[in-house]
Amino acid sequence: MDLPTKKFTVTRADLVRYAGASGDFNPIHWSERFATKVGLPGVIAHGMLTMALVGRAVTDWAGAPDAVLDYSVRFSRPVPVPDDETGTEIEVSAEVKSVTDEGHTVLAITAVCAGEKVLSQARATVRTTRLGK
Amino acid sequence: MPLDPSAVGRSYPPTPPYLVGREKIREFAKAIGATDPAHHDPEAAQALGYADVIAPPTFPTVVSFASNNAVVDDPDLAIDYSRVVHGDQRFQYTRPIVAGDELVGRQVIAEIISRGGHDFITTRTDITDAAGEPVAVAWSKLVIRGEG
C-alpha cells in the first residue's frame, strides 16, 4: 500500500530555528562562506532536520504523535537550501513494507529533493490503527 | 590514518542529567513544524496518557548529539571534525520523551569500519530517565572523509 505523498519546505530561516532548537550550530547549516570552504555546494539542511520532517510524515500517516517505535535513515545526499524566501522542497512518500507479529507496521520511506533521493534505506516501525488517513 | 578498530566497545562516562523543559519541547516542535497538540498542550498529552507534553520522535538527538561530543573530542581517536558528515541515524523508542524527564546518555562505540579511504564510526547512546528506566536508544554513524 502506498501512502499519500507529503511535501515540506525548508528555508534558511528554518535552518536557523532548527539550529537553536536542536543545539547543532555547525556553520555548514548557516554560513555560505564556511560551507563552500569545506567543499559543499552551499549551505545545507541539517540531516536531522530532514529526518524530523520525514518523522512528521510518519506520525501523520500513523495518526498519532506517539506511534513511532523505531526509525532509521541514511543521509545519502545533502539538501542545499538557497538564500531566498522560497527555500527548497522535500517530497516524502512511503509504502507499507510489512506487518510484524506484534501487529506493528513497517514503512519504507523515500525523501526526494530537486529530483535526488536525500534519504535512502529509511524505515519506520509504527504502532497504529489509522494508516494512510 | 584509519581509525583504530580496537576502540570498538569503548564507553564514556554518562552525561550530566538533561532536564527536558516544556518550552524546549514546544520550541523543537515549532522548529520542525510539528503542530500536533500533544507537543504543545499538556492536556492534549494527558489525554494520551502522558504527564506533560511529549517530544517529536527525533528529539532524543538533543541528548545523543551532546553525548556524541565525548567521542568526537576523544583525543585517542583524534577525529578531524571538519571532515565529519552524518551518515546514518536510528532511534529505537521505549516511550516518547515527556516534559519533566531527566535524561542521561551513555555512549559506547558500536562499530568502526575503514573503507575506500574513509572511516565510519557508529556510536550507540542509551538514554535513560531519572529512575534509570530506558527511554530511547540512538545510533549515529559518522563518516570521516579521507584526505584528498
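Quantities reported herein were computed from a predicted structural model and do not represent experimental measurements. (Residues numbered from 1 in each chain as written. Chains lettered and ligands numbered in written order. Predicted model: local features only at pLDDT ≥ 70, side-chain atom pairs only at ≥ 80, totals over all residues. Heavy atoms only, no water.)

## Considering the UniProt feature "domain: FAS1-like dehydratase" (unreviewed entry) in chain B
In the UniProt entry, the feature "domain: FAS1-like dehydratase" (unreviewed entry) is given for residues 7-136 of chain B. Span residues 7-136 of chain B is 22% helix and 31% strand, its end C-alpha atoms 24 Å apart. (UniProt positions renumbered as here; feature names shortened; annotations may be inferred. Helix = DSSP H or I, 4+ residues; strand = E, 2+ residues; numbered from the N terminus.)

## Section: the pairing of strand E4 (residues 118-128) of chain B
Residue and element names in this part refer to chain B. Counting buried positions over the 11 residues of E4 gives 8, a clear majority of the element. Between strand E3 (residues 102-115) and E4, which follow one another and run antiparallel, lie 2 residues, and glycine 116 among them has a positive phi close to 60°. Sheet topology places E4 next to strand E5 (residues 134-144); 10 bridges connect them, and they run antiparallel. Across the sheet, threonine 122 pairs through a bridge with lysine 141, a residue of E5. In textbook terms, the turn of a hairpin is the stretch between consecutive antiparallel strands, and for E4 and E5 this stretch comprises 5 residues, one of which, glycine 132, has a positive phi near 85°. (Buried < 20%, exposed > 50% of the residue type's maximum accessible area, 1.4 Å probe, protein only. Pairing = 2+ DSSP bridges.)

## Examining the interface of chain B and chain A
The partner chain A presents 26 residues to the 30 residues of chain B that form the contact. For the pairing of chain B and chain A, the buried interface totals around 2,400 Å² over both sides, and the portion due to carbon and sulfur atoms is 58%. Counting the surface chain B buries against chain A, the share from its top three residues, B:Ala31, B:Ile32 and B:Tyr93, is 21%. Seen at the junction of chain B and chain A, the total is 2 salt bridges. The residue B:Arg90 makes a salt bridge to A:Asp70 at a minimum N-O spacing of 2.6 Å. Run the count over chain B and chain A and you get 12 residue pairs in polar contact (both at pLDDT 80 or more). Of all the secondary structure elements, the ones that give two or more residues to the side of chain B that touches chain A are helix H1 (22-31), helix H3 (61-72) and strand E2 (84-93) of chain B. Considering every element that reaches the side of chain B that touches chain A, the biggest residue donor is E2(B), with 8 residues. (Contact = heavy atoms within 4.5 Å. Buried area = accessible area lost by both parts, 1.4 Å probe. Salt bridge = Lys/Arg side-chain N within 4 Å of Asp/Glu carboxyl O. Polar contact = N/O pair within 3.5 Å; in protein donor to acceptor, adjacent residues only side chain to side chain.)

## Considering the side chain of A:Asp14
All names here are of chain A. The topology assignment puts aspartate 14 in helix H1 (residues 12-22). From its side chain, aspartate 14 meets the backbone nitrogen of threonine 11 in a polar contact 2.9 Å long. Setting aside anything within four residues of it in sequence, one finds aspartate 14 in contact with Thr9 and Leu49.

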